[in-house]
Amino acid sequence: MRDLAEKWSVAPDWQGAVITTPGLAVRAISGLDQLLVSGDLDAWTRASGVDGTGVGAFGAAQGDRYAARLARDRLLVVSDSPLAIATGWHADGFAVTAISAGLQVFEVEGTALDAFIMRGTTLDPSQTSASAALSFAGISAIVYRHEHRLRIHADRGLAAYLWTWMETAAGNIAAGSAD
């Protein structure tokens, strides 16, 4: 029987995965607690203490606990440590789903960051939008700034593809290519 696995890129060891070129550094981030919150976001804020406003695409999140807005009634909540709130439906009108295992997080920084963003999306990197969910590098992703870096959350099943795309983009930027 033919081995169809040979068609797919092998995922790197995310613990040490780094792409470094002049003006750009990309690395995989692990250990973040990621929750999907849906429903009454004001009730979420009262129950959790995490602001339910959330940043949109290219918006700046700060600190070790924050939210990215995905839709009018949906957030991705990211924290360095687990939040003391139960998953599931809450009578206050919101639901919490743990999705840390489903999303791979990447962090990108450097002087060529805007050139990198412009290769990944048609959106203007200097303008924020209401939602951090967008098409980036041909896949659905959650993209925002954290501190002075860009963070990208992608479905774990597409992480190897995105990593390959980022290697190519970083190499082309370093070489000065318009591709």
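The rules we used
Residues numbered from 1 in each chain as written. Predicted model: local features only at pLDDT ≥ 70, side-chain atom pairs only at ≥ 80, totals over all residues. Heavy atoms only, no water. Core = buried A, V, L, I, M, F, W, Y, C linked by side-chain atoms within 4.5 Å. Buried < 20%, exposed > 50% of the residue type's maximum accessible area, 1.4 Å probe, protein only. Helix = DSSP H or I, 4+ residues; strand = E, 2+ residues; numbered from the N terminus. Arc of directions from axis to C-beta. Contact = heavy atoms within 4.5 Å. Polar contact = N/O pair within 3.5 Å; in protein donor to acceptor, adjacent residues only side chain to side chain. Pairing = 2+ DSSP bridges. Axes fitted to C-alpha atoms, helices over the stretch in contact; angles between N-to-C directions.

Trainee: I would appreciate a short explanation of the nonpolar core in the present structure.
Mentor: Phe106, Phe116, Phe136, Leu150, Ile152, Leu162 and Met166 are the most contacted members of the largest nonpolar core, which totals 31 residues. When residues of this core are traced back to their parent elements, those giving at least two are strand 2 (24–29), strand 9 (103–109), helix 2 (113–120), strand 10 (133–136), strand 11 (139–146), strand 12 (149–155) and helix 3 (159–175). For this core, the leading source of residues is helix 3, giving eight residues. Counting residues in each nonpolar core, the second largest holds 14 residues, with Ile29, Val55, Tyr66 and Tyr144 among its members.

Trainee: Please clarify how helix 1 (residues 41–48) should be interpreted in this entry.
Mentor: Owing to its 3.6 residues per turn, the α-helix aligns residues three or four sequence positions apart on the same side. What helix 1 keeps buried is the set Leu41, Ala43, Trp44 and Ser48. On an axial view of helix 1, the arc spanned by its buried residues comes to 150°, and they lie on one face. Every exposed residue of helix 1 that faces more than 90 degrees away from the buried side is listed here: Asp42 and Arg46. Close packing links the buried residues of helix 1 with strand 3 (33–39), strand 5 (65–71), strand 6 (74–79) and strand 8 (94–98). Measuring from the side-chain oxygen of the N-cap residue of helix 1 to the backbone nitrogen of Asp42 gives 3.0 Å; that N-cap residue is Asp40. Just beyond helix 1, the residue with positive phi is Gly49, at close to 80°.

Trainee: Please clarify how helix 2 should be interpreted in this entry.
Mentor: Looking only at helix 2, the buried set comprises Leu113, Phe116, Ile117 and Gly120. Taken around the axis of helix 2, the buried residues stretch over an arc of 100°, which confines them to a single face.

Trainee: How do you make sense of the pairing of strand 10 when you look at a structure like this?
Mentor: Burial of strand 10 is one-sided: the residues Leu134 and Phe136 facing one way are buried, the residues Ala133 and Ser135 facing the other way are not. In this sheet, strand 11 lies alongside strand 10 in antiparallel orientation, the contact comprising four bridges. Paired with Ala133 across the two strands is Ile142, which belongs to strand 11. The hairpin formed by strand 10 and strand 11 contains two residues between the paired strands, and Ala137 there has a positive phi angle of roughly 55°.

Trainee: Quick question: what am I supposed to make of the sheet that holds strand 8 here?
Mentor: The pairing of strands in a sheet comes from backbone hydrogen bonds and takes either a parallel or an antiparallel form. Judged by pairing direction, the sheet is antiparallel, and its five strands sit side by side in the order 5-6-3-8-7 without closing on themselves. What marks the edges here is a single partner per strand, and that holds for strand 5 and strand 7 (88–90). Each strand of the sheet is rotated relative to its neighbour by a mean of 25°, with strand direction disregarded. Bridging between strand 7 and strand 8 involves three bridges; their strand directions are antiparallel. If you follow His90 over to strand 8, its bridge partner there is Phe94.

Distances and angles like these do not, on their own, reveal function.
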